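# Chains, contacts and geometry: an overview
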Amino acid sequence: MTDARSKFVDLYTQRTPGSLRLYEEARRHLPGGVPGNAGFRPPYPLYVEGARGPFLWDVDGNRYIDSLIGGGPHILGHSPPAVMDAVAKQLSSGTSTIAPSPNNLVLAEKIRKHMPHMEMIRFVHTGSEAVHMSMRVARAFTGRQKIGKFEGNFHGGYDNLLVSGTSFAGPEERPVSLPEGAGIPQSVLDDTVVLPYNNTDAAVALIEEHASELAGVVVEAVGGTWMAGIVADQRFLEALREVTARHGILLIFDEVITGFRVALGGSTAVTGVTPDLVALAKTIGGGLPMGAFGGRRDVMDQVVTPPRDADDRRVTIFQSGTFQTNLASLAAGIAMLSELEKPGVYENLEETGEQVRKGIEKIGANQGLPVQATGQGPIFGVYFAEEPVRTIRDVLASDREMAGTFYLGLVAHGIYITPYHLGFTNAAQSQAEIDQVLEVCQRVMETIKED
């Protein structure tokens, strides 16, 4: 353990004895002492008491600037009044029905207003489900079996999504499918064509080679959980659009993170590249569970719309769930998007994100540390590497020990973010919070440099 890391561990443990006590108790009941893997961090997870605006408080009463914002959904900060008021009003009239609500239509129309390429939309429970269902739609529509996905892109927690994420094999030009953990069937690996991210020529060549088998190709225009803020090259995305269209392969944008975050129109508004299908979540639920998938009308109507009568011989997918009319989430999502439509919101998010990225790189340069800050809009990620970080292979070749020490230093000094994860600015942050984030980054990097 480095001296800097030891200092940060000591500071963290001094500040958080209540979290340590709860962690030890939780390990008796919860695997790893956490409800999900994303909640774990060494030396032990932080247990949170509450959150409001740009802040959260742990069980020991420490306040943190929240740069994780729940993994992304709280683009307005925690518990924004307009969203909370809408949810409170809805709760008096029920929480969920399987029967459709008028608000299904209201939220769908709001999404489509800003993402007109989502001509038809279905609501689901999570981002994982949204991507999973997009893949099922692609298989049903094309009659093909395989899905192309990119090394390092994270698409959720289902078997067919957990392939070649934080690990890799084979040459970059021809990656080999690897399971992202135990329990992934070999059949899933066999049906996944792993492609190299940000390597245009190699990716196009592999898609051409497998064109007759590929139902869809799914991509993050900004790398998320496993590639914190690495932005896809414009030429790369344009080439994906051209080759998939030419071979009748559906191009799927995973916009669980970027949707309504990098712009009201998501990655298509930023890049001008229009996919066939889109997966959304996080922001559209206003901080409550909500996902959606959709896209071309001819695709969705053909394989998602249920048979209309006994003479309708289409073979459609099954897609339904208990909470697809989650009334609280619908109300929160409508209120959230209404707030995001107000003037100046995205200009502010872009400015604060740029301040953080440029500030971190300047601090690193002044300390003589090889720091790269990636991201787009309010998204940022931090890497310690001499060479540009553009792929998961570059990520894993960077100084992960130093990055882990940096992220631990942030939380020990009151900036909440989990290890190696992308960070976010949000609309509730003032200039004072942005300045404090950069001040802590300065302090942490000075300690790393000293040691």
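Computed from a prediction, not measured in an experiment: that's the story for all the values here. Here the residue index of a chain counts from 1 through its sequence in written order. Reporting of local features is limited, given that this is a predicted model, to residues whose pLDDT is at least 70; pairs of side-chain atoms are given and counted only at 80 or more, and all residues count toward the totals for whole chains, interfaces and linings. Calculated side-chain values reflect all of the structure's heavy atoms, with hydrogen atoms and water omitted.

### Structural notes on the overall build of the chain
Applied cut-off: Every helix listed is a DSSP run of H or I at least four residues long, and every strand listed is a run of E at least two residues long, numbered separately from the N terminus. The globule rule used here is 2.2 Å times the number of residues to the 0.38 power, and the radius of gyration it is set against is calculated over C-alpha atoms. Burial classes: relative accessible area under 20% of the type maximum marks a residue as buried, over 50% as exposed, and values in between as partly exposed (1.4 Å probe, protein chains only). Surface accessibility in these figures is a Shrake-Rupley result with a 1.4 Å probe; residues are shielded only by whichever protein chains are displayed. Lys and Arg are tallied as positive, Asp and Glu as negative. Neither His nor the chain termini are counted. Taken as the charge location is NZ of Lys, CZ of Arg, CG of Asp or CD of Glu.
Helix and strand content of the chain: 15 helices and 14 strands. Compactness check: the chain gives a C-alpha radius of gyration of 22 Å against a globular reference of 22 Å for 451 residues, within 12% of the reference. In the chain, which comprises 451 residues, the share counted as buried stands at 57%. On the chain, roughly 18000 Å² of surface is accessible, and the fraction owed to carbon and sulfur atoms is 53%. Between the centroid of the 39 positive side chains of the chain and the centroid of its 53 negative side chains there is a distance of 4 Å.

### Focus: the packing of helix 14 (residues 400-412) against helix 15 (residues 431-450)
The criterion, for reference: Here an axis means a line fitted to C-alpha atoms, over the contact stretch when the element is a helix, while the angle between two N-to-C directions is reported on a 0 to 180 degree scale. These descriptions rest on fixed angle ranges, namely under 35 degrees for roughly parallel, over 145 for roughly antiparallel, 65 to 115 for roughly perpendicular, and the rest for oblique. For a crossing to be left-handed, the near helix must be turned anticlockwise from the far one by less than a right angle; the clockwise case is right-handed. By definition in these notes, contact holds between two residues if any of their heavy atoms fall within 4.5 Å. Residue polarity is assigned by list, with Asp, Glu, Lys and Arg as charged and Ala, Val, Leu, Ile, Met, Phe, Trp, Tyr, Cys and Pro as nonpolar; anything else, Gly included, falls into the polar class.
Look at helix 14 against helix 15: their axes get within 9 Å of each other, and the N-to-C directions meet at 135 degrees. By the angle between their axes, helix 14 is oblique relative to helix 15. Classified by chirality, the crossing of helix 15 by helix 14 is right-handed. Every residue of helix 15 that contacts helix 14 at Met402, Thr405, Phe406, Gly409 and Leu410 is listed here: Val440, Cys441, Val444, Met445 and Ile448. Residues that form the contact of helix 14 with helix 15 fall into these classes: 8 nonpolar, 2 polar and no charged.

### Thoughts on the sheet that holds strand 3 (residues 63-66)
Rules: Here a strand pair is declared whenever DSSP counts at least two bridges between the two strands.
One open sheet accounts for 4 strands, arranged 1-2-3-13; its pairing is mixed. Each edge of the sheet is formed by a strand with only one pairing partner; in this case those strands are strand 1 (48-52) and strand 13 (415-416). One ladder, built from 2 bridges, connects strand 3 with strand 13; its direction is parallel. The residue bridging Asp66 from the neighbouring strand is Tyr416, located in strand 13.

### So, the layout of surface pockets
Rule in force here: Note on definitions: the grid is 1 Å and covers protein atoms alone; a cavity is a set of points where a 1.4 Å probe fits but cannot get out; a pocket is an open set with protein on both sides within 12 Å along at least five of seven lines; lining residues have an atom within 4 Å of a point. Grid points are joined across faces, edges and corners, and a volume is the space filled by probe spheres set on the points.
Of the volumes computed, that of the second largest pocket is approximately 560 Å³. In this structure, the second largest pocket is lined by 27 residues; those nearest its centre are Asn104, Ile121, Arg122, Phe123 and Gln324. If you list the elements that add at least two residues to the lining of the second largest pocket, you get helix 4 (102-114) and strand 4 (120-124). Ranked by the residues each element gives to the lining of the second largest pocket, the list is headed by helix 4, at 5 residues. Among the residues making up the lining of the second largest pocket, the classes are represented as 14 nonpolar, 8 polar and 5 charged.

### Section: the sheet that holds strand 9 (residues 277-280)
Strand pairing in a sheet takes place through backbone hydrogen bonds and is either antiparallel or parallel in direction. Strands sit in the order 4-10-9-8-7-5-6 across an open sheet of 7 strands; the sheet is mixed. Edge positions in the sheet fall to strand 4 and strand 6 (192-195), since each of these pairs with one other strand and no more. Neighbour-to-neighbour, the strand axes of the sheet open up by a mean angle of 20 degrees, direction not taken into account. As paired elements, strand 4 and strand 10 (residues 291-295) share 5 bridges and run antiparallel to each other. When the bridges of strand 10 are listed, Val124 appears paired with Gly291. The strands touched by helix 5 (residues 127-142) are strand 4, strand 5 (146-150), strand 7 (214-219), strand 8 (250-254), strand 9 and strand 10; relative to strand 9, the strand with the most contacts, the crossing angle is about 160 degrees. Relative to strand 7, helix 8 (residues 234-246) is tilted by about 165 degrees, and along the sheet it contacts strand 5, strand 7 and strand 8.

### Observations concerning the pairing of strand 6
Here strand 6 shows no split at all, with Thr192 and Val194 on one side and Val193 and Leu195 on the other all buried. Pairing analysis gives 4 bridges linking strand 5 to strand 6, with the strands arranged parallel. In the strand pairing of strand 6, Lys149 is matched with Val194.

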